[in-house]
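Next come the chains, spelled out residue by residue.
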Amino acid sequence: MNHWKNFTNDRWYLVKYLLLHTLVILIVISLQLRFAGPGELTAFDFELWQLLLLPAALILAVMVPVLIHNCVHRNLRPRFLNFIAGELAGYYVLLSMASFELNHLMHHSHPDSALDPHNPHRRNFLNFFFANNFAGTRVVLVKFLESHGDTFYHRRVFDLSVVIHFINVPLRLASWFLLLGPTLFVVLFIPSYLFHMFVFAHINYVTHATHADGRTEVFNFDSNLYYRFVNFFGSGVYYHLNHHHNPRFYNPKRGASSWIFIR
(Lines give C-alpha, C1' and ligand atoms only; values in the text may rest on other atoms or scores of the structure.)
Protein backbone atom coordinates (compact mmCIF):
# COMPACT_ATOMS: atom_id res chain seq x y z
CA MET A 1 0.00 0.00 0.00
CA ASN A 2 1.44 3.34 -1.07
CA HIS A 3 -0.18 6.01 1.10
CA TRP A 4 1.52 8.88 -0.70
CA LYS A 5 0.41 7.69 -4.15
CA ASN A 6 -3.15 7.02 -2.97
CA PHE A 7 -3.31 10.41 -1.25
CA THR A 8 -2.26 12.28 -4.38
CA ASN A 9 -4.49 10.23 -6.72
CA ASP A 10 -7.69 9.97 -4.67
CA ARG A 11 -9.07 13.06 -2.95
CA TRP A 12 -11.20 10.89 -0.66
CA TYR A 13 -8.40 8.48 0.28
CA LEU A 14 -7.57 9.98 3.68
CA VAL A 15 -11.23 10.28 4.66
CA LYS A 16 -11.93 6.63 3.80
CA TYR A 17 -8.70 5.42 5.39
CA LEU A 18 -9.28 7.35 8.64
CA LEU A 19 -12.93 6.32 8.83
CA LEU A 20 -11.81 2.70 8.64
CA HIS A 21 -9.39 3.36 11.50
CA THR A 22 -12.17 4.95 13.52
CA LEU A 23 -14.39 1.93 12.98
CA VAL A 24 -11.64 -0.49 14.02
CA ILE A 25 -10.80 1.52 17.15
CA LEU A 26 -14.48 1.72 18.14
CA ILE A 27 -14.77 -2.06 17.76
CA VAL A 28 -11.69 -2.54 19.95
CA ILE A 29 -13.06 -0.16 22.58
CA SER A 30 -16.46 -1.89 22.59
CA LEU A 31 -14.74 -5.25 23.17
CA GLN A 32 -12.61 -3.78 25.93
CA LEU A 33 -15.69 -2.37 27.65
CA ARG A 34 -17.50 -5.67 27.21
CA PHE A 35 -14.79 -7.61 29.05
CA ALA A 36 -13.76 -4.99 31.61
CA GLY A 37 -14.33 -6.21 35.14
CA PRO A 38 -16.28 -4.29 37.81
CA GLY A 39 -14.25 -1.38 39.18
CA GLU A 40 -11.40 -1.82 36.70
CA LEU A 41 -12.04 1.55 35.09
CA THR A 42 -12.05 3.56 38.32
CA ALA A 43 -9.59 1.78 40.63
CA PHE A 44 -6.30 3.66 40.99
CA ASP A 45 -3.99 1.44 43.04
CA PHE A 46 -0.56 3.03 42.91
CA GLU A 47 2.33 1.24 44.61
CA LEU A 48 5.94 2.39 44.76
CA TRP A 49 7.27 -0.68 42.95
CA GLN A 50 5.42 0.46 39.84
CA LEU A 51 7.99 3.23 39.46
CA LEU A 52 10.37 0.46 38.38
CA LEU A 53 8.35 0.41 35.15
CA LEU A 54 9.51 3.91 34.23
CA PRO A 55 12.77 2.84 32.55
CA ALA A 56 10.78 0.43 30.36
CA ALA A 57 8.33 3.24 29.58
CA LEU A 58 11.17 5.53 28.45
CA ILE A 59 12.71 2.81 26.31
CA LEU A 60 9.36 2.12 24.63
CA ALA A 61 9.01 5.86 24.04
CA VAL A 62 12.08 5.65 21.82
CA MET A 63 11.78 2.21 20.23
CA VAL A 64 8.15 2.24 19.10
CA PRO A 65 8.23 5.60 17.27
CA VAL A 66 11.50 4.56 15.62
CA LEU A 67 9.69 1.49 14.36
CA ILE A 68 6.88 3.44 12.65
CA HIS A 69 9.45 5.89 11.29
CA ASN A 70 11.37 3.05 9.67
CA CYS A 71 8.16 1.46 8.40
CA VAL A 72 7.43 4.72 6.57
CA HIS A 73 10.77 4.28 4.78
CA ARG A 74 9.99 0.57 4.13
CA ASN A 75 13.04 -0.57 6.09
CA LEU A 76 11.54 -3.88 7.23
CA ARG A 77 11.71 -7.03 5.14
CA PRO A 78 9.60 -8.51 3.65
CA ARG A 79 7.88 -5.33 2.51
CA PHE A 80 4.38 -6.16 3.82
CA LEU A 81 5.72 -6.12 7.40
CA ASN A 82 6.08 -2.35 7.16
CA PHE A 83 2.31 -1.85 6.93
CA ILE A 84 1.50 -4.30 9.73
CA ALA A 85 4.19 -3.08 12.13
CA GLY A 86 3.61 0.54 11.14
CA GLU A 87 -0.08 0.48 12.01
CA LEU A 88 0.57 -1.34 15.29
CA ALA A 89 3.26 1.17 16.26
CA GLY A 90 0.90 3.94 15.21
CA TYR A 91 -1.52 2.81 17.89
CA TYR A 92 1.07 3.86 20.46
CA VAL A 93 1.96 7.21 18.85
CA LEU A 94 -1.80 7.90 18.48
CA LEU A 95 -1.50 8.29 14.71
CA SER A 96 -2.41 6.22 11.72
CA MET A 97 0.57 5.20 9.62
CA ALA A 98 -0.68 7.24 6.64
CA SER A 99 -0.91 10.43 8.73
CA PHE A 100 2.62 9.92 10.02
CA GLU A 101 3.92 9.01 6.57
CA LEU A 102 2.48 12.01 4.71
CA ASN A 103 3.82 14.41 7.31
CA HIS A 104 7.26 12.82 7.45
CA LEU A 105 7.74 12.54 3.70
CA MET A 106 7.07 16.29 3.42
CA HIS A 107 9.99 16.74 5.83
CA HIS A 108 12.27 14.73 3.55
CA SER A 109 10.98 16.33 0.36
CA HIS A 110 11.21 19.93 1.61
CA PRO A 111 13.73 20.02 4.49
CA ASP A 112 14.27 23.35 6.24
CA SER A 113 11.74 25.18 4.09
CA ALA A 114 8.24 26.60 4.51
CA LEU A 115 6.87 23.18 3.47
CA ASP A 116 8.86 21.32 6.13
CA PRO A 117 6.51 20.45 9.05
CA HIS A 118 9.60 20.16 11.30
CA ASN A 119 11.45 23.34 10.37
CA PRO A 120 12.92 24.82 13.60
CA HIS A 121 14.14 28.06 12.02
CA ARG A 122 13.46 31.13 14.22
CA ARG A 123 11.50 29.15 16.79
CA ASN A 124 12.32 28.55 20.43
CA PHE A 125 12.05 24.96 21.56
CA LEU A 126 8.73 25.34 23.38
CA ASN A 127 7.08 26.86 20.34
CA PHE A 128 8.62 24.21 18.11
CA PHE A 129 7.58 21.40 20.47
CA PHE A 130 3.89 22.16 19.96
CA ALA A 131 4.26 22.87 16.25
CA ASN A 132 6.17 19.61 15.74
CA ASN A 133 3.59 17.53 17.57
CA PHE A 134 0.30 19.22 16.67
CA ALA A 135 0.65 21.44 13.60
CA GLY A 136 1.66 19.20 10.73
CA THR A 137 -1.50 19.41 8.65
CA ARG A 138 -0.77 22.75 6.93
CA VAL A 139 1.98 21.42 4.66
CA VAL A 140 0.00 18.28 3.84
CA LEU A 141 -2.89 20.53 2.78
CA VAL A 142 -0.54 22.29 0.35
CA LYS A 143 0.33 18.97 -1.29
CA PHE A 144 -3.33 17.90 -1.31
CA LEU A 145 -4.45 21.08 -3.11
CA GLU A 146 -1.51 20.82 -5.49
CA SER A 147 -2.64 17.31 -6.41
CA HIS A 148 -6.41 17.86 -6.63
CA GLY A 149 -6.91 21.57 -7.19
CA ASP A 150 -7.37 24.49 -4.82
CA THR A 151 -11.16 24.68 -4.58
CA PHE A 152 -13.59 25.26 -1.74
CA TYR A 153 -14.82 21.67 -2.14
CA HIS A 154 -11.33 20.15 -1.86
CA ARG A 155 -10.50 22.27 1.18
CA ARG A 156 -13.64 20.95 2.91
CA VAL A 157 -12.69 17.35 1.98
CA PHE A 158 -9.30 17.87 3.57
CA ASP A 159 -10.86 19.55 6.63
CA LEU A 160 -13.05 16.47 7.06
CA SER A 161 -9.99 14.20 7.07
CA VAL A 162 -8.34 16.43 9.69
CA VAL A 163 -11.45 16.27 11.91
CA ILE A 164 -11.54 12.47 11.70
CA HIS A 165 -7.80 12.34 12.38
CA PHE A 166 -8.17 14.35 15.60
CA ILE A 167 -11.23 12.34 16.67
CA ASN A 168 -9.01 9.26 16.45
CA VAL A 169 -6.51 10.62 18.98
CA PRO A 170 -8.79 10.58 22.08
CA LEU A 171 -10.26 7.27 20.92
CA ARG A 172 -6.80 5.72 20.87
CA LEU A 173 -6.10 7.22 24.30
CA ALA A 174 -9.34 5.71 25.60
CA SER A 175 -8.33 2.34 24.22
CA TRP A 176 -4.96 2.52 26.02
CA PHE A 177 -6.74 3.54 29.23
CA LEU A 178 -9.03 0.53 28.96
CA LEU A 179 -6.17 -1.80 28.16
CA LEU A 180 -3.84 -0.68 30.96
CA GLY A 181 -6.29 0.49 33.60
CA PRO A 182 -6.05 3.82 35.45
CA THR A 183 -2.86 3.04 37.37
CA LEU A 184 -0.64 1.80 34.55
CA PHE A 185 -2.08 4.39 32.19
CA VAL A 186 -0.85 7.15 34.52
CA VAL A 187 2.39 5.48 35.66
CA LEU A 188 3.45 3.89 32.36
CA PHE A 189 1.71 5.29 29.30
CA ILE A 190 1.60 9.01 30.09
CA PRO A 191 5.31 9.36 31.01
CA SER A 192 6.23 7.21 28.04
CA TYR A 193 4.19 9.25 25.61
CA LEU A 194 5.43 12.58 26.96
CA PHE A 195 9.03 11.41 26.62
CA HIS A 196 8.30 10.31 23.06
CA MET A 197 6.94 13.77 22.27
CA PHE A 198 10.03 15.42 23.74
CA VAL A 199 12.56 13.14 22.03
CA PHE A 200 11.18 13.46 18.54
CA ALA A 201 10.66 17.20 18.81
CA HIS A 202 14.20 17.56 20.14
CA ILE A 203 15.67 15.46 17.31
CA ASN A 204 14.13 17.68 14.66
CA TYR A 205 15.00 20.83 16.60
CA VAL A 206 18.71 20.31 17.32
CA THR A 207 19.74 18.40 14.20
CA HIS A 208 18.66 21.12 11.75
CA ALA A 209 20.12 24.62 11.55
CA THR A 210 19.60 27.52 9.19
CA HIS A 211 22.55 29.93 9.23
CA ALA A 212 22.41 33.71 8.80
CA ASP A 213 23.48 33.40 5.16
CA GLY A 214 20.54 31.07 4.44
CA ARG A 215 22.70 27.96 4.34
CA THR A 216 21.12 24.92 6.02
CA GLU A 217 22.94 22.17 7.87
CA VAL A 218 21.95 18.81 9.36
CA PHE A 219 23.87 17.13 12.19
CA ASN A 220 24.57 13.80 13.90
CA PHE A 221 24.67 13.75 17.71
CA ASP A 222 26.14 11.10 20.01
CA SER A 223 28.16 13.26 22.39
CA ASN A 224 26.63 12.72 25.82
CA LEU A 225 24.79 10.14 27.92
CA TYR A 226 21.33 11.25 26.76
CA TYR A 227 22.23 10.99 23.07
CA ARG A 228 23.90 7.63 23.57
CA PHE A 229 20.87 6.30 25.48
CA VAL A 230 18.43 7.35 22.75
CA ASN A 231 20.73 6.19 19.95
CA PHE A 232 21.19 2.80 21.61
CA PHE A 233 17.49 2.06 22.05
CA GLY A 234 16.39 4.16 19.08
CA SER A 235 18.64 2.60 16.46
CA GLY A 236 20.83 5.66 15.95
CA VAL A 237 17.94 8.09 15.57
CA TYR A 238 20.06 11.16 16.46
CA TYR A 239 22.29 10.37 13.45
CA HIS A 240 19.97 12.62 11.50
CA LEU A 241 22.50 13.74 8.89
CA ASN A 242 23.15 10.10 8.02
CA HIS A 243 19.41 9.49 7.87
CA HIS A 244 18.86 12.31 5.38
CA HIS A 245 21.70 11.01 3.26
CA ASN A 246 20.19 7.53 3.17
CA PRO A 247 16.78 6.99 4.82
CA ARG A 248 16.77 3.35 3.72
CA PHE A 249 18.91 2.21 6.67
CA TYR A 250 17.05 1.17 9.83
CA ASN A 251 20.02 2.33 11.92
CA PRO A 252 21.70 5.36 10.31
CA LYS A 253 24.58 5.13 12.76
CA ARG A 254 25.58 1.66 11.57
CA GLY A 255 24.41 1.77 7.96
CA ALA A 256 23.30 -1.34 6.10
CA SER A 257 22.16 -4.21 8.34
CA SER A 258 23.15 -7.84 7.94
CA TRP A 259 19.95 -8.94 9.69
CA ILE A 260 17.43 -10.48 7.32
CA PHE A 261 14.42 -8.52 8.59
CA ILE A 262 15.80 -4.97 8.47
CA ARG A 263 17.76 -2.88 6.01
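Provided above is the structure to which this section pertains.
Residues numbered from 1 in each chain as written. Predicted model: local features only at pLDDT ≥ 70, side-chain atom pairs only at ≥ 80, totals over all residues. Heavy atoms only, no water.

A. Broad picture of the overall build of the protein chain. Along the backbone of the protein chain there are 10 helices and two strands. Start at the N end of the protein chain and walk to the C end: the helices and strands fall as α-α-α-α-α-α-α-α-β-β-α-α. Relative to the globule expectation of 18 Å for 263 residues, the C-alpha radius of gyration of the protein chain, 19 Å, shows essentially globular dimensions. On the principal axes, the C-alpha backbone points of the protein chain span a range of 60 × 50 × 40 Å. Across the 263 residues that make up the protein chain, the buried fraction comes to 46%. Contacts in the protein chain between residues far apart in sequence, at least 24 positions, make up 67% of those at least 6 positions apart. Total accessible area on the protein chain is roughly 13,600 Å²; 68% of this is exposed by carbon and sulfur atoms. Averaging the positions of the 20 positive and the 14 negative side-chain charges in the protein chain gives two centres separated by 7 Å. (Helix = DSSP H or I, 4+ residues; strand = E, 2+ residues; numbered from the N terminus. Rg over C-alpha atoms; globule rule 2.2 N^0.38 Å. Buried < 20%, exposed > 50% of the residue type's maximum accessible area, 1.4 Å probe, protein only. Contact = heavy atoms within 4.5 Å. Areas by Shrake-Rupley, 256 points an atom, 1.4 Å probe, with all protein chains shown as cover. Lys, Arg positive; Asp, Glu negative; His and termini not counted. Charge placed at Lys NZ, Arg CZ, Asp CG, Glu CD.)

B. Region of the structure containing the packing of helix 2 (residues 13–35) against helix 5 (residues 97–109). Where helix 2 meets helix 5, the closest approach of the two axes is 10 Å, and the angle between their N-to-C directions is 140 degrees. Comparing their axes, helix 5 and helix 2 come out oblique. Here L14, Y17 and L18 of helix 2 come into contact with helix 5, specifically with M97, A98, S99 and L102. Considered class by class, the residues forming the contact of helix 2 with helix 5 number six nonpolar, one polar and no charged. (Axes fitted to C-alpha atoms, helices over the stretch in contact; angles between N-to-C directions. Parallel < 35°, antiparallel > 145°, perpendicular 65-115°, else oblique. Nonpolar A, V, L, I, M, F, W, Y, C, P; charged D, E, K, R; others polar.)

C. Representation of the side chain of T8. Within the element layout of this structure, T8 appears in helix 1 (residues 3–9). According to the relative accessible area criterion, T8 is buried, its value standing at 19%. Polar contacts involving the side chain of T8 include one to the main-chain carbonyl oxygen of K5, which spans 3.0 Å. Discounting residues that sit within four places of it in the chain, T8 has contacts with S147 and H148. (Polar contact = N/O pair within 3.5 Å; in protein donor to acceptor, adjacent residues only side chain to side chain.)

D. Main features of the packing of aromatic side chains. Counted by the stated rule, this structure contains 26 aromatic pairs. Between the aromatic rings of F198 and Y226, the centroid separation amounts to 6.2 Å while the plane-to-plane angle is 65 degrees, which identifies the pairing as edge-to-face. With F198 in helix 8 (residues 152–206) and Y226 in helix 9 (residues 225–233), this pair connects stretches of sequence that are 28 residues apart. On the basis of relative accessible area, F198 is assigned to the partly exposed category, the value being 29%. Between Y226 and Y238, the aromatic rings sit 5.7 Å apart at their centres with planes inclined by 70 degrees, giving edge-to-face as the arrangement. Here Y226, found in helix 9, pairs with Y238, found in the loop between helix 9 and helix 10 (240–245); they are 12 residues apart in sequence, far enough to count as distant. Overall, Y238 belongs to the buried group, its relative accessible area being 0%. (Phe/Tyr/Trp six-rings, centres within 6.5 Å; stacked < 30°, edge-to-face > 60°.)

E. How the structure looks around the pattern of salt bridges. Summed over all chains, the structure comprises eight salt bridges. Residues R74 and E101 are paired through a salt bridge, measuring 3.2 Å at the closest nitrogen-oxygen approach. With R74 in the loop between helix 3 (54–72) and helix 4 (81–93) and E101 in helix 5, this residue pair connects regions lying 27 residues apart in the sequence. The buried category is assigned to R74, whose relative accessible area is 7%. One salt bridge connects K253 with D222, and the closest N-O pair in it is separated by 3.2 Å. Separated by 31 residues along the polypeptide, K253 in the segment after helix 10 and D222 in the loop between strand 2 (216–218) and helix 9 bring together distant segments of the chain. Judged by its relative accessible area of 43%, K253 is partly exposed. Looking at D222, the relative accessible area reads 22%, which means it is partly exposed. What emerges from the salt-bridge pattern is a single network uniting D213, R215 and E217. (Salt bridge = Lys/Arg side-chain N within 4 Å of Asp/Glu carboxyl O.)

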